[in-house]
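# Residue-level structure breakdown
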Amino acid sequence: MQTFKTAKKDPGVIAAHVFGLIKAELELVEIEFGRNVDSNIQVVGYLSDYLRKSGGKRIRPALLLLSNRAAGGNSKASNVIGLATVMEMLHTATLVHDDIIDNADTRRNMPSVNARFGNQASVLMGDWLYMSAFEISLGERNLRILDILTSLTRRMTEGELIQLTAIGRTDLDEDTYFDILRRKTAYLFSACCEIGALLAGAEENEIEAFRNYGLDLGIAFQLADDYLDFTSRKDVLGKASGADLLEGKLTLPLITLVSRNPEALSVIERIMIDGEYKDGNRETLNRMLSETGILEETRKRAYEFAESAKKNLAILEETEYRVALEDIPTFMIDRKK
């Protein structure tokens, strides 16, 4: 019996293999993205071009494409490419709006849209992307897909609103943290996988498996991001390390630290008030996290959700596309520091 398991362990090698499987499809997504965000309104065209050049790994459309192939679909079909493009447009719109809310200066090592063009243009550009994505989706005349997308957009917006109420709070609990995480990150991963399976005509139990895979994967992805926020260079994350705390956001490592070490509270509050790391506060915080083993615990929890994600795929036939989905958590969590 043919096996598709590989011995690859290096995250870079795995990423190259996974994205290589759908290289042609991702190129079609790039073309479709460019075509759909093009506009005869000069300012829209200019902003769209800037967003395209800012790039990104295109993980979300990749998940839709791989899920479609793993479910037995044709990932080069026009409707599959179209919906993969929609997911990237929705993701891009959320980033544009998030950067405005967070007053972020950079995104993917480039000036953010709001820093470059101002908040007014950025708000409207984010709205334009949302509406354009739904216009494309309407063309599919598939009410189930529209239901997934409208529910997803509502949840993402609710997640941003909940997070706004949590800004600057040092008493944030894990339940609230995970609620925000699922709404802002994991449900989008889940929708990508679910729609990919739907377009392939998968059975209901398989569609559920893809949906759950994406949800667990999205949680693992964000937990890895929280861990890397304290351990990685700017060129890995596309933003400065420790940036979340400067924006008044407590991630899981800090929530855990506050619950275990009351002394950390004054350090965290001072960083929030200052809006910058000074007087050795960054080193003090990193030392506290290191001594308590919290960063490694966070990484371990990311792996637990990654393993849970992979278990959902067990009902599928073993193909190179299923194995690619199983391999994705490795390069997400083990990105180079």
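Residues numbered from 1 in each chain as written. Predicted model: local features only at pLDDT ≥ 70, side-chain atom pairs only at ≥ 80, totals over all residues. Heavy atoms only, no water.

### What to know about the confidence of the model for the protein chain
Heads up, the condition is: How sure the predictor is of each residue is captured by pLDDT, a score from 0 to 100. Secondary structure elements follow DSSP: runs of H or I of four or more residues count as helices, runs of E of two or more count as strands, with numbering from the N terminus.
The pLDDT averaged across the protein chain works out to 87; a share of 90% of its residues lies at or above 70. Here helix H11 (residues 234-237) is the element of the protein chain with the lowest mean pLDDT, 51, and helix H9 (residues 174-199) is the one with the highest, 97.

### What about the packing of aromatic side chains?
Selection criterion: Ring pairs shown here join Phe, Tyr and Trp side chains whose ring centres sit within 6.5 Å, with only the six-membered ring taken for Trp; geometry is labelled stacked below 30 degrees between planes, edge-to-face above 60, and tilted in between. Relative accessibility under 20% of the residue-type maximum defines a buried residue, over 50% an exposed one, and the middle range a partly exposed one, all with a 1.4 Å probe and only protein chains included. By the criterion adopted, a ring carries a charge over it if an Arg CZ or a Lys NZ lies within 6 Å of its centre and within 35 degrees of its normal.
Tallied over the entire structure, the rule returns 4 aromatic pairs. Here Tyr177 and Phe178 contribute two aromatic rings whose centre-to-centre distance is 5.0 Å and whose plane-to-plane angle is 80°, an arrangement assigned as edge-to-face. Overall, the relative accessible area of 6% leaves Tyr177 in the buried class. With relative accessibility at 8%, the residue Phe178 sits in the buried group. When the centroid spacing of 6.1 Å and the interplanar angle of 35° are considered together, the rings of Phe178 and Phe305 count as tilted. Separated by 127 residues along the polypeptide, Phe178 in helix H9 and Phe305 in helix H16 (residues 294-311) bring together distant segments of the chain. The partly exposed category is assigned to Phe305, whose relative accessible area is 22%. The structure contains a cluster of three or more aromatic residues connected by ring pairs, namely Tyr177, Phe178 and Phe305. Sitting over the face of the ring of Tyr277, Arg282 holds its NZ or CZ atom 4.2 Å from the ring centroid.

### Description of helix H15 (residues 281-292)
Counted only if it meets this: By definition here, a helix of n residues has an expected span of 1.5 Å times n minus one. Relevant arc is that of directions from the helix axis to the C-beta atoms, nothing else. Whether two residues are in contact is decided by their heavy atoms: any pair within 4.5 Å suffices.
Spanning 12 residues, H15 covers 17 Å between terminal C-alpha atoms, matching the ideal 16 Å at 1.5 Å per step. Residues Asn281, Leu285, Met288 and Leu289 constitute the buried set of H15. In a view along the axis of H15, the buried residues occupy a sector of 95°, so they form one face of it. Exposed positions of H15 whose direction lies more than 90 degrees from the buried face are Glu283, Ser290 and Glu291. Those residues of H15 hidden inside the fold are in contact with helix H10 (204-231), helix H12 (243-246), helix H13 (252-260), helix H14 (263-274) and H16. The first or second residue beyond H15 is Gly293, which carries a positive phi of 75°.

### What about the environment of Asp173?
Here is the rule: In protein, a polar contact requires one atom able to donate a hydrogen and another able to accept it; more generally it is a pair of N or O atoms within 3.5 Å, and residues adjacent in sequence count only if both atoms are side-chain atoms.
Looking at where Asp173 falls in the secondary structure, it is placed in the loop between helix H8 (143-166) and H9. The class for Asp173 is partly exposed, based on a relative accessible area of 35%. Sequence separation between Asp173 and Leu252 is 79 residues, and the spatial gap between their C-alpha atoms is 8.9 Å. Of the polar contacts made by the side chain of Asp173, one reaches the backbone nitrogen of Asp175; its length is 3.1 Å.

### Some remarks on unusual backbone geometry
Of note in this structure, Arg141 is not a glycine but carries a positive phi near 55°. For Arg141, the position within the fold is in the loop between helix H7 (119-138) and H8. Of note, Asp279 is a non-glycine position whose phi angle comes to about 60°, a positive value. Locating Asp279 in the fold gives a position in the loop between H14 and H15. Assessed through its relative accessible area of 73%, Asp279 is described here as exposed.

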